[in-house]
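# Observations on the model geometry
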Amino acid sequence: MKVAIVAESFLPHFNGVTNSILKTLDHLALTGHDAVVITPAGSLAGELTGHGVPRQYKGFAIHTVPSMPLASYPEVRVATTSVGRLRKILARERVDVVHLASPFILGRQGLRAAQELNLPTVALYQTEVPSYAERYKMPWLTQRLWDHVRAIHTAADLSLVPSTFSYRQLQDLGIDRLKISGRGVDTAQFTPSRRSEQFRSAVAPNGEVVIGYVGRLAAEKQVADLKALADLKNTRLVIVGSGPLESELRALLPTAHFTGFLSGERLAEVMASMDVFVHPGASETFCQTIQEAMACGVPVVAVGRGGPLDLVDSSRTGWLYQPGNLNELRSRVSDLVYDDAKRLAFASAALRSVQDRSWFSIGEQLLDHYQHVRMARISR
């Protein structure tokens, strides 16, 4: 097959959507299929300095379309292209199926272009954009954004969701062509063996228990909620990531250690060096960093909504707490911080729970979904 991946975001901007796209491209390359990526162009400064969108990945062509920066988060680019332009790219590339990665603006245009060419589409619901409206002080947009989500996923031949929570969300919108497709985790990269005593001695020189967070420093991640943990005795808060709220969060959490954006082996090393992993964001459709922390043998405390409901077995691999209840967040983290035996038992259970979640099996499932929508379209 030749697959066109229409991506709302791509390299050099790295997030959960980008990561899953790269894993998909890796699997297509490994299994002998072809692909092309269509994504918003980066900033002019990025292109001039060599830090823009790459022209290819694993030999697959990357097509960029005009874009503009999101006002509140300029690192994120929003496509401003036409359906006609996308239709020409898809026709010229002679693709067999169109993969819509977290479709919203560019994805909606890509969907229309695919429909005009009678190409089958698989839409991956990965970002709960409507919930961002309130976080960015625009609550009046919430219903309109859900209507937009409904329109996209109703029109797609198949929608893949990463969790039971997101499945129910789209089902409640009246969308019925749905299947759950989770995420793999690289247990060779994320492993307890990467735990670094050098890093720990640098950030916790007095043997403090290291509480960690990994993710974007943006409003929807609710990183400010970690203020509830800032004064726990004999602990050190480590925050990994970058984003528009970094300066604000550094001021709010002056005793925390901020690493900036990390990736690859360095990210795995820092995650494996944590003792407790915390994720406070309540709008996660999945939350890949939870799986990565577990693969590093780190127990998790996460908000009890969205993707974490499937990932954290509360009272065994970590704890879930009620959304918005920061007293419970503090209590759950304290329970693991001050009970070494329980923390180690939860860590061991967390590690065992992710050992069979390979990216290869996820890639094979995705190929089956592509083939299914192709055959269904042919038989019409």
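Here is a short report on the structure shown in this document. What you are looking at is a predicted structure, and each value in this text was computed from that prediction instead of being measured.

## Re the overall build of the chain
A count of helices and strands for the chain gives 15 helices and 16 strands. Its C-alpha atoms give the chain a radius of gyration of 21 Å, within 12% of the compact-globule value 21 Å for 380 residues. Here the C-alpha coordinates of the chain stretch approximately 65 × 40 × 40 Å along the principal axes. A burial count over the chain gives 56% of its 380 residues as buried. Sequence-distant contacts, at least 24 apart, represent 66% of the contacts inside the chain between residues at least 6 apart. Approximately 16300 Å² of the chain is accessible, and the part contributed by carbon and sulfur atoms is 52%. For the chain, the distance from the average position of its 41 positive side-chain charges to the average position of its 36 negative side-chain charges is 4 Å.

## Remarks on helix H7 (residues 164-172)
Residues Phe165, Ser166, Gln169 and Leu170 constitute the buried set of H7. In an axial view of H7, the angular spread of the buried residues amounts to 130 degrees, which keeps them on one side of the axis. The elements touched by buried residues of H7 are helix H6 (142-155), strand E9 (158-161), strand E10 (178-180) and helix H12 (308-311).

## What to know about the nonpolar core
Val240, Met271, Met274, Phe277, Ile290 and Val300 are the most contacted members of the largest nonpolar core, which totals 32 residues. Once residues within four sequence positions are removed from consideration, Val300 is found in contact with Phe277, Ile290, Ala293, Met294, Val312, Thr317, Gly318 and Trp319.

## Quick look at the packing of helix H13 (residues 326-337) against helix H14 (residues 340-353)
Following both chains from N to C, one finds H13 and H14 inclined at 100 degrees, their axes separated by 6 Å at the closest point. Relative to H14, H13 is oriented roughly perpendicular. In this structure, H13 contributes Asp335, Leu336 and Val337 to the contact, and H14 contributes Asp340, Lys342, Arg343 and Phe346. Tallied by class, the residues present in the contact of H13 with H14 amount to three nonpolar, no polar and four charged.

## Observations regarding the environment of Ser131
Positionally, Ser131 belongs in helix H5 (residues 129-135). Along the sequence, Ser131 and Pro280 sit 149 residues apart, while their C-alpha atoms lie 14 Å from each other.

## Looking at the pairing of strand E4 (residues 60-65)
Across five bridges, the pairing between strand E2 (residues 34-40) and E4 is parallel. By the bridge assignment for E4, Ile38 is matched with His63. Across two bridges, strand E3 (residues 56-57) lies against E4 in antiparallel orientation. Bridging from a neighbouring strand, Tyr57 pairs with Phe60 of E4. Where E3 folds back onto E4 in an antiparallel hairpin, the turn is made up of two residues, including Lys58, whose phi is positive at roughly 55 degrees.

## Quick word on empty space enclosed by the protein
Across all of its chains, the model carries two cavities of 30 Å³ or more by this definition. Here the largest cavity is characterised by a volume of approximately 150 Å³. What lines the largest cavity is a set of 15 residues, and nearest its centre among them are Thr24, Leu124, Trp359, Ile362 and Leu366. Elements that contribute at least two residues to the lining of the largest cavity include exactly helix H1 (16-30), E9 and helix H15 (359-379).

## Some remarks on the sheet that holds strand E12 (residues 235-240)
Here we have six strands laid out as an open sheet, ordered E13-E12-E11-E14-E15-E16, and parallel in their pairing. This sheet does not close on itself; its edge strands, each paired only once, are strand E13 (257-260) and strand E16 (318-321). This sheet shows a mean twist of 20 degrees between the axes of neighbouring strands, independent of strand direction. When strand E15 (residues 300-303) meets E16, the two strands line up parallel, connected through four bridges. Residue pairing in the sheet places Val303 in a bridge with Tyr321 of E16.

Thresholds applied
- Residues numbered from 1 in each chain as written.
- Predicted model: local features only at pLDDT ≥ 70, side-chain atom pairs only at ≥ 80, totals over all residues.
- Heavy atoms only, no water.
- Helix = DSSP H or I, 4+ residues; strand = E, 2+ residues; numbered from the N terminus.
- Rg over C-alpha atoms; globule rule 2.2 N^0.38 Å.
- Buried < 20%, exposed > 50% of the residue type's maximum accessible area, 1.4 Å probe, protein only.
- Contact = heavy atoms within 4.5 Å.
- Areas by Shrake-Rupley, 256 points an atom, 1.4 Å probe, with all protein chains shown as cover.
- Lys, Arg positive; Asp, Glu negative; His and termini not counted.
- Charge placed at Lys NZ, Arg CZ, Asp CG, Glu CD.
- Arc of directions from axis to C-beta.
- Core = buried A, V, L, I, M, F, W, Y, C linked by side-chain atoms within 4.5 Å.
- Axes fitted to C-alpha atoms, helices over the stretch in contact; angles between N-to-C directions.
- Parallel < 35°, antiparallel > 145°, perpendicular 65-115°, else oblique.
- Nonpolar A, V, L, I, M, F, W, Y, C, P; charged D, E, K, R; others polar.
- Pairing = 2+ DSSP bridges.
- 1 Å grid on protein atoms, 1.4 Å probe; cavity = no way out; pocket = protein on both sides within 12 Å on 5 of 7 lines; lining within 4 Å.
- Points joined across faces, edges and corners; volume = space filled by probe spheres on them.

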